[in-house]
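The primary structure of each chain is shown beneath.
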Amino acid sequence: RSFRPSLLVILVAPLHFLVLQIPEVSVEAIYAFFPNLREGPLPLIAAVLFPDLAITSFLSSALTFDSLRQARAGGNPSLGNSINLVISKSKILFPTSLLTGVILLLGMVALLLPFLYFMALYLFVPFLVMTEGPLPWSVYLHKSKVLAKRRFWSCLALVLLMLAVSFGSDAACNELREWIPSYGLVALKLMVSLVTSAVLGVWTGLFFLEMQEQPA
């Protein structure tokens, strides 16, 4: 039910929602323009990549979610208002994002299934940071887990969809390498990532709001 409304929200200010995905896509851009970075030791890559991904994805999620709330209230999303709110929440947002990133990294090191399980449980952490008052970092994770368990299979399906879209779009772009110059292929990949990230970010935010509105 949240998919079609998410597209309608993005159409209110498409460029605005694309810009909000820049923090998350920036890590992908670094690795696209500097492919030699992938040849480093795996532990070093994980130690650098995961914190960057955790922080930047939380930033994009938080900004997108606040703009989503502004759009649902009937106004045009304001980038300045969203940035100011995220800055005011930064003392909670950044450490919580790192804590979530560490848990996901441990899940990935263990096996794929724990990684997917943790991703589903902690899907709503950035939204809770934006909507709740100051709380201990672990409380946001606990609240997300409680909320996600109410519709765990839907959350897991959404996580699997996110991963499928990410890997699928990358693979589809790679099929065009014979017809598109390397710099053009990189630009295409980044644009596709911006669009898919915006749609999935708004979709997840609407799903969160829908779950919050339902009785426990």
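Everything discussed here concerns the structure shown above.
Here's a quick rundown of the structure. (Residues numbered from 1 in each chain as written. Predicted model: local features only at pLDDT ≥ 70, side-chain atom pairs only at ≥ 80, totals over all residues. Heavy atoms only, no water.)

1. Focus on the overall build of the protein
Basically, it comes down to this: Strands are runs of DSSP state E lasting at least 2 residues, helices are runs of H or I lasting at least 4, and numbering of each runs from the N terminus. Partly exposed describes any residue whose relative accessible area lies between the buried limit of under 20% and the exposed limit of over 50%, with all areas from a 1.4 Å probe on protein chains only and scaled to the type maximum. Throughout, a residue-residue contact means that at least one pair of heavy atoms, one from each residue, lies within 4.5 Å.
Helix and strand counts for the protein come out as eleven helices and zero strands. The order of helices and strands in the protein, counted from the N terminus, is α-α-α-α-α-α-α-α-α-α-α. Taken across its 216 residues, the protein has 43% of its residues classed as buried. In the protein, 74% of the contacts between residues at least 6 apart in sequence involve partners at least 24 apart.

2. Remarks on the nonpolar core
Put simply, the rule reads: The set of buried Ala, Val, Leu, Ile, Met, Phe, Trp, Tyr and Cys residues whose side-chain atoms join them within 4.5 Å is what this entry labels a nonpolar core.
Residues Phe124 and Phe208 are the most contacted members of the largest nonpolar core, which totals 49 residues. Where this core is concerned, the elements lending two or more residues are helix H1 (3-12), helix H4 (42-72), helix H6 (90-110), helix H7 (112-121), helix H8 (125-131), helix H9 (137-150), helix H10 (152-174) and helix H11 (182-213). With sequence-adjacent residues up to four places away left out, Phe208 is seen in contact with Phe65, Phe124, Phe127, Leu128, Thr131 and Leu147. Membership of the second largest hydrophobic core comes to five residues, among which are Val25, Ala29, Val186 and Leu190.

3. Some thoughts on the environment of Thr96
Along the chain, Thr96 falls in helix H6. Owing to a relative accessible area of 0%, Thr96 belongs among the buried residues under this scheme. What Thr96 contacts, discounting residues up to four positions off in sequence, is Phe58, Val125, Val129, Trp137, Tyr140 and Leu141.

4. Topic: the packing of aromatic side chains
For clarity, the threshold we go by: Pairing of aromatic side chains requires ring centres within 6.5 Å, counting the rings of Phe and Tyr and the six-membered ring of Trp. Pairs whose planes differ by under 30 degrees are stacked, by over 60 edge-to-face, and all others tilted.
One pass over the structure, following the stated rule, counts ten aromatic pairs. Between Tyr117 and Phe118, the ring centres sit 5.8 Å apart and the planes meet at 55°, which makes this aromatic pair tilted. Owing to a relative accessible area of 36%, Tyr117 belongs among the partly exposed residues under this scheme. Phe118 sits in the partly exposed class, given a relative accessible area of 23%. An aromatic cluster of three or more residues is present, and its members are Phe65, Phe124, Phe127, Phe207 and Phe208.

5. A closer look at the pattern of salt bridges
If charged atoms from side chains of opposite charge come close, those side chains can pair. Rules: What counts as a salt bridge is simple: a side-chain nitrogen of Lys or Arg found within 4 Å of a carboxyl oxygen of Asp or Glu.
Applying the stated criterion across every chain yields a total of two salt bridges. In this structure, Asp66 engages Arg69 in a salt bridge whose closest nitrogen and oxygen atoms are separated by 3.4 Å. Taken together, the residues span about one helical turn, with Asp66 and Arg69 both in helix H4 at a distance of three residues. Its relative accessible area of 8% is what places Asp66 among the buried residues. Residue classification places Arg69 among the partly exposed positions, given a relative accessible area of 28%. Across the pair Arg151 and Glu210 runs a salt bridge whose closest N-O atoms are separated by 3.3 Å. Linking Arg151 in the loop between H9 and H10 with Glu210 in helix H11, this pair joins segments that are 59 residues apart in sequence. According to the relative accessible area criterion, Arg151 is partly exposed, its value standing at 28%. Judged by relative accessible area, which is 17%, Glu210 ranks as buried.

6. Topic: a nonpolar patch on the surface
Test applied: Think of a patch as exposed residues, more than 30% relative accessible area, with no salt bridge, where like charges cluster within 9 Å and nonpolar side chains (Val, Leu, Ile, Met, Phe, Trp, Tyr) cluster within 5 Å. The Shrake-Rupley method, run with a 1.4 Å probe sphere, supplies the accessible areas, and residue values consider only the shown protein chains as cover.
On the surface, a nonpolar cluster with roughly 520 Å² of combined accessible area is contributed by Leu15, Val19, Ile22, Leu79, Ile83 and Ile87. Put simply, the parts of the chain that give the nonpolar patch at least two residues each are helix H2 (14-19) and helix H5 (79-88). Of the residues forming the nonpolar patch, the biggest block, three residues, is contributed by H5. Along the polypeptide, Ile83 turns up in helix H5.

7. Focus on H9
The periodicity of an α-helix, 3.6 residues per turn, causes residues three or four places apart in sequence to face the same way. The condition is simple: By construction, the arc corresponds to the directions joining the helix axis to the C-beta atoms.
Buried residues of H9: Tyr140, Leu141, Ser144, Leu147 and Ala148, and no others. The buried residues of H9 occupy one face: seen down the axis, they fall within an arc of 130°.

8. Overview of the environment of Leu93
Among the structural elements, Leu93 can be located in helix H6. The exposure class of Leu93 is buried, given its relative accessible area of 0%. Along the primary structure Leu93 and Phe127 are separated by 34 residues, whereas in three dimensions their C-alpha atoms are 9.9 Å apart. Not counting residues up to four positions away in its chain, the partners in contact with Leu93 are Phe58, Leu59, Ala62, Val86 and Val129.

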